[in-house]
Amino acid sequence: MNPKLINSIEEMSTIRRQLKGKIGFIPTMGFLHEGHLSLVSAAEKQSDIVIVSIFVNPTQFNVNEDLSNYPRNIERDIELLSNMKVNYIFFPTDEQMYPEGFKTWVNVDKITQVLCGISRPTHFRGVTTIVAKLMNIIDPDLMFMGEKDFQQLVVLKQMVKDLNFRTKIVGCSIVREEDGLALSSRNKYLTNEGRKKALCLNKSLLLAQKLFSEDIRSSNKIISQMTILIEDNEGIIDYIEVIDQESLEHISELKSGCRIALAIIVENTRLIDNIKII
Ligand code: PAF
C-alpha cells in the first residue's frame, strides 16, 4: 500500500475532516523499528484508517540531550510503512508545529516529576504538548502506544482523561530482540560490546520476577539484587523503582500486578525498560 505523504498541518486537517470510519493513530519520532511496526499492526486490526506521524519533537529533549544527533531516516521509514496498511504519513516541520511566538504548554502534574521526570525535568511537558497538538490535528478514535515508555503511557492517559480528549489510548506490549533487549531507536548508539552490556536491563527485570516467584517481597531486597547484576555489567543506574501501575507511586512490598521500571546508562546511552510482575 502506498501511504499518502502529508507535510502540512492544513492539508492533514482538511483530509481528516473528510475521513469516515475508525481512525487509528501512531505518533512516532521516526527511525522506525519492529516495536513501532507492532503498533501499526495493532492499528491495522482495530481501525479502518491508519495514520502515522513522524516528528522528532525538539521540546521533549532536555538541554543536555543531543537533539541534532537523534537518529533519522525518513526514506527508510516511508519504505517500511509502505509495506503495511498505512493510509497517511504525517511529517510536519518544526516551524509548523512550533511557529514563532509559540507560548502554550500542556503539563500533567506530579506523575511527570517522578522516575524519568527527575533526570529529564522538561521532557514530559514536551511530550504532552506535542501529542495534544497531534491529537487536535488528527482527532483519532484510537492512539497506539508502546508499554516500553510506560511512564509516557500513564502520563498521556491522564492527559486524555483530564482534558476530555475523545481518543482512547491503546497500550501495546514491549517488543524485544530474541536475546531480550527491548527495541529502541537509541539502541543504535550502542557498540557491539555495549549492546551485550545492555542486556542487563531485561536480565535484571527477569531476576526480579524470579525473586518474586520465590516469595521475596521486599522492594529494597529485590532492587539491591538487580543493582548488583546491573553494576556487574557496567550499567550506571539512573533509577530502579517498584511502582503502582496507575499512580506511579513507589511501593515497598511487591505484589502481583505492580511494575518495576528502570533507566540505566550504558556507554552514555540512557535506556529504559520495565516489567509487569505477575
Ligand atoms: O514515544 C515517542 O516516540 C514520542 O515521545 C512521541 C509520543 C511520538 C511524542 O513525540
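Everything below is about the structure shown above.
Just so we're clear, the structure is a prediction, and the values are computed from it rather than from any experiment.

Q: Can you break down the sheet that holds strand β8 (residues 259–266) residue by residue, with the values?
A: The strand order β7-β8-β9 describes an open sheet built from 3 strands, whose pairing is antiparallel. Of all the strands in the sheet, just β7 (236–243) and β9 (269–276) have a single pairing partner and so form its edges. Taken pair by pair, the neighbouring strands of this sheet meet at an average axis angle of 10°, ignoring direction. Note that β8 and β9 share 8 bridges and pair antiparallel. What sits directly across from L262, in β9, is D273. The strands touched by helix α9 (residues 199–213) within the sheet are β8 and β9, with β9 carrying the most contacts at an inclination of about 25°.

Q: Please provide a residue-by-residue account of the site of the ligand, values included.
A: The full set of residues close to the ligand is P27, T28, M29, N57, Q60, I130, V131, M145 and Q152. Contacts to the ligand include Q60, whose side-chain N or O atom sits 2.6 Å from an oxygen atom. Burial of the ligand by the surrounding chains reaches 88%, relative to a free accessible area of 280 Å². Class assignment for the residues of the shell around the ligand results in 5 nonpolar, 4 polar and no charged.

Q: Summarise unusual backbone geometry; cite the residues concerned and give the values.
A: For L115, which is not a glycine, the phi torsion comes out positive at approximately 45°. Looking at L115, the relative accessible area reads 6%, which means it is buried.

Q: Tell me what's going on with the packing of helix α6 (residues 123–138) against helix α7 (residues 150–162), and back it up with residues and numbers.
A: Where α6 contacts α7, the two axes come as close as 10 Å, and the packing angle between them is 55°. Accordingly, the angle class assigned to the pair α6 and α7 is oblique. Viewed along their axes, α6 and α7 form a crossing whose handedness is right-handed. On α7, the residues that touch F124, V127, T128, V131, A132 and M135 of α6 are Q151, Q152, V155, L156, M159 and V160. Partitioned by chemical class, the residues of the contact of α6 with α7 number 9 nonpolar, 3 polar and no charged.

Q: So, the nonpolar core: which residues are in play, and what are the values?
A: Ranked by size, the top nonpolar core spans 44 residues in total, and within it I51, V131, I138 and M159 carry the most contacts. Beyond its immediate stretch of four places on either side in the chain, I51 contacts M12, L19, I23, G24, F25, I26, Y88 and I138. Core analysis: the next-biggest nonpolar cluster, separate from the first, contains 27 residues, L199, L201, I230 and I275 among them.

Q: Describe in detail the pattern of salt bridges, supporting the description with residues and values.
A: Scanning the entire structure with this criterion turns up 12 salt bridges. The shortest N-O distance in the salt bridge between R166 and D141 comes to 2.9 Å. Of this pair, R166 sits in the loop between α7 and β6 (168–172) while D141 sits in the loop between α6 and β5 (142–146), and the two are 25 residues apart along the sequence. When its relative accessible area of 47% is taken as the criterion, R166 is described as partly exposed. As a salt-bridge pair, R176 and D273 come within 2.9 Å of each other at their nearest N and O atoms. Linking R176 in the loop between β6 and α8 (192–197) with D273 in strand β9, this pair joins segments that are 97 residues apart in sequence. Residue D273 is classed as buried on the basis of its relative accessible area, which comes to 3%.

Calculation rules
- Residues numbered from 1 in each chain as written.
- Predicted model: local features only at pLDDT ≥ 70, side-chain atom pairs only at ≥ 80, totals over all residues.
- Heavy atoms only, no water.
- Pairing = 2+ DSSP bridges.
- Helix = DSSP H or I, 4+ residues; strand = E, 2+ residues; numbered from the N terminus.
- Axes fitted to C-alpha atoms, helices over the stretch in contact; angles between N-to-C directions.
- Contact = heavy atoms within 4.5 Å.
- Near = heavy atom within 4 Å.
- Polar contact = N/O pair within 3.5 Å; in protein donor to acceptor, adjacent residues only side chain to side chain.
- Areas by Shrake-Rupley, 256 points an atom, 1.4 Å probe, with all protein chains shown as cover.
- Nonpolar A, V, L, I, M, F, W, Y, C, P; charged D, E, K, R; others polar.
- Buried < 20%, exposed > 50% of the residue type's maximum accessible area, 1.4 Å probe, protein only.
- Parallel < 35°, antiparallel > 145°, perpendicular 65-115°, else oblique.
- Left-handed = near helix turned anticlockwise from the far one by under 90°.
- Core = buried A, V, L, I, M, F, W, Y, C linked by side-chain atoms within 4.5 Å.
- Salt bridge = Lys/Arg side-chain N within 4 Å of Asp/Glu carboxyl O.

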